Amino acid sequence: TDYDCNGDGVNDCGVWNYQMSMCANQVYCGHLYKFPDMTLDQSCRCRRCNEPSFQGTAFGDGALLNPAAAGAPFEAMSWGTFRTWADHMDTCAPWVMPKDDVALQN
């Protein structure tokens, strides 16, 4: 659905953070208006990066989304997808962060 991004039956989106002026769950959700949305909460939908049509592509690559489980030669964690702080440039490029200095050196 528009609000259940990973298909587990629990809505990941549909909540707008009015204090921060953005969707509450920025990892999975973005402001994607569809007529006839009446509230900002309704416009908070799953980002296109999580669509099933990306399975088998670099956007849906499990090794990039979970490097440690995929046997990466360094210990890292997925940090969602790259986007600017104002959320006006949206990509599906996975953002991977090293867990510590040792992982960074590797």
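Above this text is the structure in question.
Parameters at a glance
- Residues numbered from 1 in each chain as written.
- Predicted model: local features only at pLDDT ≥ 70, side-chain atom pairs only at ≥ 80, totals over all residues.
- Heavy atoms only, no water.
- Core = buried A, V, L, I, M, F, W, Y, C linked by side-chain atoms within 4.5 Å.
- Buried < 20%, exposed > 50% of the residue type's maximum accessible area, 1.4 Å probe, protein only.
- Contact = heavy atoms within 4.5 Å.
- Helix = DSSP H or I, 4+ residues; strand = E, 2+ residues; numbered from the N terminus.
- Polar contact = N/O pair within 3.5 Å; in protein donor to acceptor, adjacent residues only side chain to side chain.
- Salt bridge = Lys/Arg side-chain N within 4 Å of Asp/Glu carboxyl O.

Caption draft 1: Region of interest: the nonpolar core. If you look at the biggest cluster of nonpolar residues, it comprises seven residues: Cys5, Cys13, Trp16, Cys23, Cys29, Cys44 and Cys46. In this structure Cys13 touches Asp2, Tyr3, Cys5, Tyr28, Cys29, Cys44, Arg45 and Cys46, once residues within four positions along its chain are discounted.

Caption draft 2: Unusual backbone geometry, seen in detail. In the segment running from Phe35 into Pro36, the intervening peptide bond is cis, with an omega of 10 degrees. Turning to its location among the elements, Pro36 is positioned in the loop between strand E3 (29–31) and strand E4 (44–46). With phi around 60 degrees, Ser21 is a residue other than glycine that occupies positive phi space. Within the element layout of this structure, Ser21 appears in the loop between strand E1 (16–17) and strand E2 (22–23).

Caption draft 3: Expanded view of the side chain of Asp37. If you trace the backbone, Asp37 turns up in the loop between E3 and E4. Polar side-chain contacts of Asp37 include one of 2.7 Å to the side chain of Arg45. Not counting residues within four places of it along the chain, the set of residues in contact with Asp37 comprises Leu32, Gln42, Ser43 and Arg45.

Caption draft 4: Layout of the pattern of salt bridges. Evaluated as defined, the whole model comprises three salt bridges. A salt bridge links Asp2 to Lys34; the shortest N-O distance between them is 3.1 Å. One end of the pair, Asp2, is in the segment before E1; the other, Lys34, is in the loop between E3 and E4, and 32 residues separate them in sequence. Taking relative accessible area as the criterion, Asp2 reaches 29% and is therefore assigned partly exposed. Residue Asp37 is joined to Arg45 by a salt bridge in which the shortest nitrogen-to-oxygen separation is 2.7 Å. The same class applies to Asp37 as to Arg45, namely buried. Among the ionic contacts, a cluster of salt bridges with common partners joins Asp2, Lys34, Asp37 and Arg45.

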